[in-house]
Amino acid sequence: MKKMLRHVTGRGGFTMLEIISALVIIAIIAAVAVSRTSSISQSKLRADAETLKVHLRYAQLRALNSTERIWGIDFSSGSYRLFYSIESDAAANVHYVAFPGGDGSTVTLQNTTMTFDDVDLSFDTWGKPYQNLRANFDASPIPQAADRTISLADTSGNTQTISIIKNTGYVR
């Protein structure tokens, strides 16, 4: 018995299984830490893109639920805002309103550049997208001729693209 006890306590070091387990745990922790620090700006950009998609769908929904108003989003450099106008005086009578849960009528994208092919995107009472509907309402409105894209880019070079499908107004 004494001989056996001396043999067990005389062994020093770790087993191969313990070393491999420790290395696997360290590798997992390192991989999670690296992925979290490198994608913060990309996550922010993705969140900005999803928020803009929700706001586009909200403007379309408001247009679908209204019979006398044009709803849309007015874009400017790095920001956008929700508007409506009365059909009888669409070009002159524009009202800017806040999005649900928003503080003001303008949403500003921090550290994000937005590229859009027109000043605004309007929806008719069927939810169909138009090019600058409020300015051309008294003349003949111009339906969206092709799918429109909005490109978002951050300072790290990451990009997100949002498409608005012609005729249906589907936002993807």
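Provided above is the structure to which this section pertains.
The structure reproduced in this document is the subject of the present report. (Residues numbered from 1 in each chain as written. Predicted model: local features only at pLDDT ≥ 70, side-chain atom pairs only at ≥ 80, totals over all residues. Heavy atoms only, no water.)

## Comments concerning the side chain of S79
And step 1. Tracing the backbone through its elements, the reader meets S79 in strand β2 (residues 79-86).
And step 2. Here S76 takes part through its side chain, which lies 2.8 Å from a polar atom of the side chain of S79. (Helix = DSSP H or I, 4+ residues; strand = E, 2+ residues; numbered from the N terminus. Polar contact = N/O pair within 3.5 Å; in protein donor to acceptor, adjacent residues only side chain to side chain.)

## Details of the packing of aromatic side chains
And step 1. According to the stated counting rule, one finds five aromatic pairs in the structure shown.
And step 2. Arranged with centres 4.2 Å apart and planes meeting at 35°, the rings of F75 and F116 form a pair that is tilted. Here F75, found in strand β1 (residues 69-76), pairs with F116, found in strand β5 (residues 112-116); they are 41 residues apart in sequence, far enough to count as distant. Taken individually, F75 and F116 each receive the classification buried, so the pair is uniform in this respect. (Phe/Tyr/Trp six-rings, centres within 6.5 Å; stacked < 30°, edge-to-face > 60°. Buried < 20%, exposed > 50% of the residue type's maximum accessible area, 1.4 Å probe, protein only.)

## Overview of the pattern of salt bridges
Should their charged atoms come close, side chains of opposite charge can pair.
And step 1. Under the definition given, this model contains three salt bridges.
And step 2. Here D48 and K44 are joined by a salt bridge, their closest N and O atoms 3.0 Å apart. Of this pair, D48 and K44 both sit in helix α3 (residues 40-64), separated by four residues, roughly a single helical turn.
And step 3. Residue class for K44 comes out partly exposed when judged on its relative accessible area of 40%.
And step 4. Across the salt bridge formed by D74 and R81, the nearest N and O atoms sit 3.6 Å from each other. (Salt bridge = Lys/Arg side-chain N within 4 Å of Asp/Glu carboxyl O.)

## Notes on the nonpolar core
And step 1. Counting residues in hydrophobic clusters, the biggest one holds 24 residues, and the most contacted among them are L52, L56, F75, Y80, I150 and L152.
And step 2. Mapped onto this core, the elements with two or more residues apiece are α3, β1, β2, β5, β6 (120-123), β9 (148-154) and β10 (159-164).
And step 3. The greatest single-element share of this core, amounting to six residues, is contributed by α3.
And step 4. Not counting the four nearest positions on each side in its chain, Y80 is found in contact with T51, L52, H55, I73, D74, F75, F99, S105, T106, V107, L109 and M114. (Core = buried A, V, L, I, M, F, W, Y, C linked by side-chain atoms within 4.5 Å. Contact = heavy atoms within 4.5 Å.)

## Some thoughts on the sheet that holds β10
And step 1. Taken in spatial order, the three strands make up an open sheet running β5-β9-β10, and their pairing is antiparallel. The open sheet has two edge strands, β5 and β10, and neither has a second partner. Ignoring which end each strand starts from, the neighbouring axes of this sheet average 15° apart.
And step 2. Both β5 and β9 contribute to a ladder of five bridges, which runs antiparallel. For T113, the partnering residue across the bridge sits in β9 and is A153.
And step 3. In the packing of α3 onto the sheet, the strands contacted are β5, β9 and β10, and the crossing angle to β9 comes to about 150°. (Pairing = 2+ DSSP bridges. Axes fitted to C-alpha atoms, helices over the stretch in contact; angles between N-to-C directions.)

This is a description of form; function is not addressed.
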